[in-house]
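So the chains spell out like this:
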Amino acid sequence: MTSPHLIEIPAFPHGKRIALTTSWDDGRVYDRRVVAAFNEWGLKGTFNLNSGKLTDTGKPAPAESEGHLDKSEIAALYAGHEVAIHTVTHPHLPRLDPVQIAQEVLEDRKALEDLVGYPVRGMAYPYGTYSPRVIEVLRALGIVYCRTVENRSPCFPPAEALAWPATCHKFAQTPEPLPQRFENFYGNRGSNGQVFFVWGHSYEFAPARWAELESLFKP
């Protein structure tokens, strides 16, 4: 009697075995270059924005400003990607009282929803700082997940969706740099989970590391 064939049920659409996702903080003008590259390469990202830091001139922020994007360009720039909460002013949330935490999150969510036209329920912690009290407030506000700056493998499924670690920072070097870590992850069926999750800031590529955007992410 022959053994039955094992049938693998893919976790993601189109039969994909794993997912690669990225998360970028702060909404600086450098996001444009990351988004353009990702659109060309078929990659996706979550862009966590501080609505209180965006300019409001009605026209795209000058590239040479090296500052934050303008509200007028958010919807078109991030189309096809996810826009998520990063609070209005980027404070250390554990230093605030519950009412202040709620204001920072709810006002950012409302402002971003007005810009992109869809529900915004994801988030990344400013400075990566959080506490049980912060998590309690976010849960009451209906936030679905919140990315930390902690790195862990496997990172999915998270034990606590409101304290979700990533796989690694994009410039991580230990235990191995990002390209090697992904190769090991891709070749290891099962023990690393199913999501490879990279986080960072687009401005970390500037001014001298833009070549690494391609070397790290181009398929």
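Look above for the structure.
On a predicted model such as this, the values are computed, not experimentally measured, just so you know. (Residues numbered from 1 in each chain as written. Predicted model: local features only at pLDDT ≥ 70, side-chain atom pairs only at ≥ 80, totals over all residues. Heavy atoms only, no water.)

Asks: Honestly, the pattern of salt bridges in this entry has me stumped. Any pointers?
Replies: Where charged atoms from two side chains of opposite charge approach closely, those side chains can pair. Inspection of the entire model under this criterion finds 10 salt bridges. Ionic pairing is found between E150 and R152, a salt bridge with its closest N-O pair at 3.7 Å. Residue E176 pairs with R181 through a salt bridge whose shortest N-O separation is 3.6 Å. (Salt bridge = Lys/Arg side-chain N within 4 Å of Asp/Glu carboxyl O.)

Asks: Honestly, the pairing of strand β5 (residues 145-151) in this entry has me stumped. Any pointers?
Replies: The two faces of a sheet get side chains in turn, since along a regular strand they alternate between them. The pairing of strand β4 (residues 122-124) with β5 spans three bridges and is classified as parallel. The partner of M123 across the bridge, within β5, is C146. As for the winding sense of the linkage, the β-α-β connection from β4 through helix α4 (residues 132-141) to β5 is right-handed. Sheet topology places β5 next to strand β6 (residues 164-166); two bridges connect them, and they run parallel. Pairing of R147 across the sheet is with W164, part of β6. (Pairing = 2+ DSSP bridges. Helix = DSSP H or I, 4+ residues; strand = E, 2+ residues; numbered from the N terminus. Right-handed = clockwise from strand over helix to strand, strands pointing away.)

Asks: Honestly, α4 in this entry has me stumped. Any pointers?
Replies: The periodicity of an α-helix, 3.6 residues per turn, causes residues three or four positions apart to be oriented the same way. Along α4, the residues classified as buried are V134, I135, V137, L138 and L141. All buried residues of α4 project into a common sector of 160 degrees when viewed along the axis, lining one side. With respect to the buried face of α4, the exposed residues turned more than 90 degrees away are P132, E136 and A140. Elements that come into contact with the buried residues of α4 comprise α3 (98-116), β4 and β5. Of the residues flanking the end of α4, it is G142, one or two places downstream, whose phi is positive at about 85 degrees. (Buried < 20%, exposed > 50% of the residue type's maximum accessible area, 1.4 Å probe, protein only. Arc of directions from axis to C-beta. Contact = heavy atoms within 4.5 Å.)

Asks: Explanation requested: the environment of V195 in the structure shown.
Replies: Along the chain, V195 turns up in strand β8 (residues 195-200). You can call V195 buried: its relative accessible area is 7%. Apart from the residues lying within four places of it in its own chain, the contact partners of V195 are F12, A19, T21, C155, F156, T167 and F185.

Asks: Which parts of the structure should I look at to understand the pairing of strand β2 (residues 45-49)?
Replies: Counting buried positions along β2 yields five of five residues, so the element is predominantly enclosed. Here β2 shows two buried faces, one formed by G45, F47 and L49 and the other by T46 and N48. Relative to β2, strand β1 (residues 19-25) runs parallel, the two being bridged by four bridges. Its bridge partner being in β2, D25 is matched across the sheet by N48. As a crossover connection, the stretch from β1 through helix α1 (residues 31-41) into β2 is right-handed.

Asks: Is there a simple way to explain the side chain of S23 in this structure?
Replies: With respect to the secondary-structure elements, S23 resides in strand β1. Within polar-contact distance, the side chain of S23 engages the side chain of R147 at 2.7 Å. When near neighbours in sequence (up to four residues on either side) are disregarded, S23 contacts T46, N48, R147, F197, V198, W199 and G200. (Polar contact = N/O pair within 3.5 Å; in protein donor to acceptor, adjacent residues only side chain to side chain.)

Asks: So what exactly am I meant to see when it comes to the nonpolar core here?
Replies: Taken as a class, soluble globular proteins show a tendency for nonpolar side chains to be buried jointly. Within the largest apolar cluster, 51 residues are counted, with the highest numbers of intra-cluster contacts made by Y78, M123, Y125, L138, F205, L213 and F217. With sequence-adjacent residues up to four places away left out, Y78 is seen in contact with G27, D31, V35, F47, L49, L69 and V83. Ranked by size, the runner-up nonpolar core spans eight residues in total, among them A84, A166, F197 and W199. (Core = buried A, V, L, I, M, F, W, Y, C linked by side-chain atoms within 4.5 Å.)

Asks: I would appreciate a short explanation of unusual backbone geometry in the present structure.
Replies: Glycine aside, negative phi is the norm for most residues, and most peptide bonds take the trans geometry. The residue after F156, namely P157, is reached through a cis peptide bond having omega -5 degrees. By the secondary structure assignment, P157 is in the loop between β5 and β6. Even without being glycine, E66 reaches a positive phi, approximately 60 degrees. Mapped onto the secondary structure, E66 falls in the loop between β2 and α2 (74-77). Unlike most non-glycine residues, Y127 shows phi in positive territory, near 60 degrees. Residue position: Y127 is located in the loop between β4 and α4. For Y127, a relative accessible area of 48% gives the class partly exposed.

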